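This is what each chain is made of:
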Amino acid sequence: MDKNDKLCLLNPGPVTLTGRVRDALRRRDLCHREPEYAALQNDVRDRLTRVYDETAGDYAAVLLTGSGTAAVEAMVDSFVPRDGKALVVANGVYGQRMATMLERHAKPFTLVCAEWMDAIDLTSVQRCLSLDASITHVLTVHHETTTGRLNDIPALAAVCRRYGKPILLDAVSSFAGEAIDFRAWNIVAAAATANKCLHGVPGVSFVVAQRSLFAQQESAATTLYLDLFQALEQQEQGGTPFTPAVQSVYALQEALRELDAAGGWLARNEHYRNLSQLVRNGLAALDIETLLSDPAAYSSILTSFRLPRGLSFDELFRGLREVGFVIYAGQKHLEDIAFRIAVMGDLHEPDMHRLMRTFDDILATTSAGALL
Ligand SMILES: *Cc1c(COP(=O)(O)O)cnc(C)c1O
């Protein structure tokens, strides 16, 4: 086993847990038809709408048992009308996944897809919106975890506002870690998960949506399990349509308390930014380049790097794993050229310093080091 007890998960979720959140899994058994579960669920739903000030009151949080993809799919399926049309704005795996969902649900959509290394294509968005009045919703990803790019939602929102189109946002890897200006950007719903920036355990995810949305339209859901309208109706009465992952909800409650005590999303954003900067500076000193040419395009949460010449991902992965660090490669065609480092979870400056020392060691003992 590792020389260090703590496994540092530098992959983008699930994250390294704090002791507090892990201990919450050991709370007493609870049936979800008991009033204690209703109180737990009400508290968690309320806290989720208060992570960002402006969602308190006008927005409702709907909890789901399932991973982040379940929340994104529930949002897409429940709100995009069967006779409506979605404009999907993608530049990575997760944007394209939203298009795949619409395809499965047999709902009409247009896909505006940029290269994964590029920013979202606002010129094409503008053209689509001006030419196609049947578009009802714009769907996009806030933090595209494929590369670590924080998409320019303010700029997208400005275009959408001109045409009066609301945005459904995949905020799975940004919720509680980056600014989300729900009102100014006209984000009518955002989907996220317990086990990325919120530092909970896998198993539950959620959608934060404008309450008025549920009144304005009927459920568009083609699926039973992912129908947010049905889930909201029951959750408003303290119930739940299906068996929830009770222990994951316990852990999410503790994670939300911890977030609050630590100063909320803004403090977490600063913490992430500091850790990511340490990693970027440290790797730059080893001549390891970022994958995106503009470092300002990155989120505070994750950075993608080019594998140095002479070092394979497997070698790097094994070297890091031996001392307790887990990293991810790039996805799809980026697999052989990139690796990614996320800083979510119970990670701190000393962890990053140790990570940099490990990179040093690995480069010194491989052919990559010899080439530098
Ligand atoms: C992680 C992630 C998802 C999917 O979450 P799962 O929990 O793996 O289902 C969706 N979108 C983004 C942007 C993500 O980072």
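Residues numbered from 1 in each chain as written. Predicted model: local features only at pLDDT ≥ 70, side-chain atom pairs only at ≥ 80, totals over all residues. Heavy atoms only, no water.

A. Inspection of the sheet that holds strand 4 (residues 109-113) at higher detail. Within the open sheet, the seven strands sit side by side as 2-10-9-8-5-3-4. Their pairing is mixed. With one partner strand each, in any of the chains shown, strand 2 (59-65) and strand 4 form the two edges of the open sheet. Geometrically, the sheet is characterised by an average inter-axis angle of 15° between neighbouring strands, direction not taken into account. Pairing between strand 3 (residues 86-90) and strand 4: five bridges, direction parallel. Bridge pairing links Ala90 to Cys113 in strand 4. (Pairing = 2+ DSSP bridges. Helix = DSSP H or I, 4+ residues; strand = E, 2+ residues; numbered from the N terminus. Axes fitted to C-alpha atoms, helices over the stretch in contact; angles between N-to-C directions.)

B. Structural view of the layout of surface pockets. What the largest pocket holds in volume is close to 270 Å³. Along the walls of the largest pocket sit 22 residues, with Gly68, Thr69, Tyr94, Val172 and Lys196 positioned nearest its centre. When residues of the lining of the largest pocket are traced back to their parent elements, those giving at least two are helix 3 (68-79) and helix 4 (93-104). Top contributing element to the lining of the largest pocket by residue count: helix 4, with four residues. (1 Å grid on protein atoms, 1.4 Å probe; cavity = no way out; pocket = protein on both sides within 12 Å on 5 of 7 lines; lining within 4 Å. Points joined across faces, edges and corners; volume = space filled by probe spheres on them.)

C. Expanded view of the packing of aromatic side chains. In total, this model carries twelve aromatic pairs according to the counting rule given. Aromatic pair Tyr52 and Phe182: ring centres 5.8 Å apart, planes at 55°, arrangement tilted. Taken together, the positions of Tyr52 in the loop between helix 2 (35-49) and strand 2 and Phe182 in the loop between strand 8 (167-170) and strand 9 (187-193) put the pair 130 residues apart, joining distant regions of the chain. Accessibility classification places Tyr52 together with Phe182 in one group, the buried group. Following the ring pairs from residue to residue traces out a cluster consisting of Tyr52, Tyr59, Phe175, Phe182, Phe206 and Trp265. (Phe/Tyr/Trp six-rings, centres within 6.5 Å; stacked < 30°, edge-to-face > 60°. Buried < 20%, exposed > 50% of the residue type's maximum accessible area, 1.4 Å probe, protein only.)

D. The arrangement of the site of the ligand in detail. Around the ligand, the structure places Ser67, Gly68, Thr69, Tyr94, Arg97, Val141, His143, Thr145, Asp170, Val172, Ser173 and Lys196. Take Gly68: an N or O atom from its main chain is 2.8 Å from an oxygen atom of the ligand. Between the ligand and the protein, one listed contact pairs an oxygen atom with a side-chain N or O atom of Thr69 at 2.5 Å. When the free accessible area of the ligand is taken as 380 Å², the share hidden by the protein chains comes to 86%. With respect to the pocket detection grid, the ligand is positioned in the largest pocket. At the level of elements, helix 3 and helix 4 are the ones that each hand at least two residues to the shell around the ligand. Classifying every residue of the shell around the ligand by side-chain character gives three nonpolar, six polar and three charged. (Near = heavy atom within 4 Å. Polar contact = N/O pair within 3.5 Å; in protein donor to acceptor, adjacent residues only side chain to side chain. Areas by Shrake-Rupley, 256 points an atom, 1.4 Å probe, with all protein chains shown as cover. Sits in = over half its atoms within 2 Å of the grid points. Nonpolar A, V, L, I, M, F, W, Y, C, P; charged D, E, K, R; others polar.)

E. Representation of the state of the cysteines in the model. Overall, the coordinates contain zero disulfides when judged by the stated rule. The thiol of Cys128 is unpaired, and the distance to the nearest cysteine sulfur, on Cys160, comes to 11 Å. (Disulfide = S-S within 2.5 Å.)

F. Region of interest: the pattern of salt bridges. Taken as a whole, this structure holds 13 salt bridges when the rule is applied. Arg50 serves as the salt-bridge partner of Asp46, at 2.8 Å between the closest nitrogen and oxygen. Residue Asp46 is classed as partly exposed on the basis of its relative accessible area of 36%. Accessibility expressed as a relative area gives 41% for Arg50, which makes it partly exposed. The salt bridge partner of Asp132 is Lys85, with a shortest N-O separation of 2.6 Å. (Salt bridge = Lys/Arg side-chain N within 4 Å of Asp/Glu carboxyl O.)

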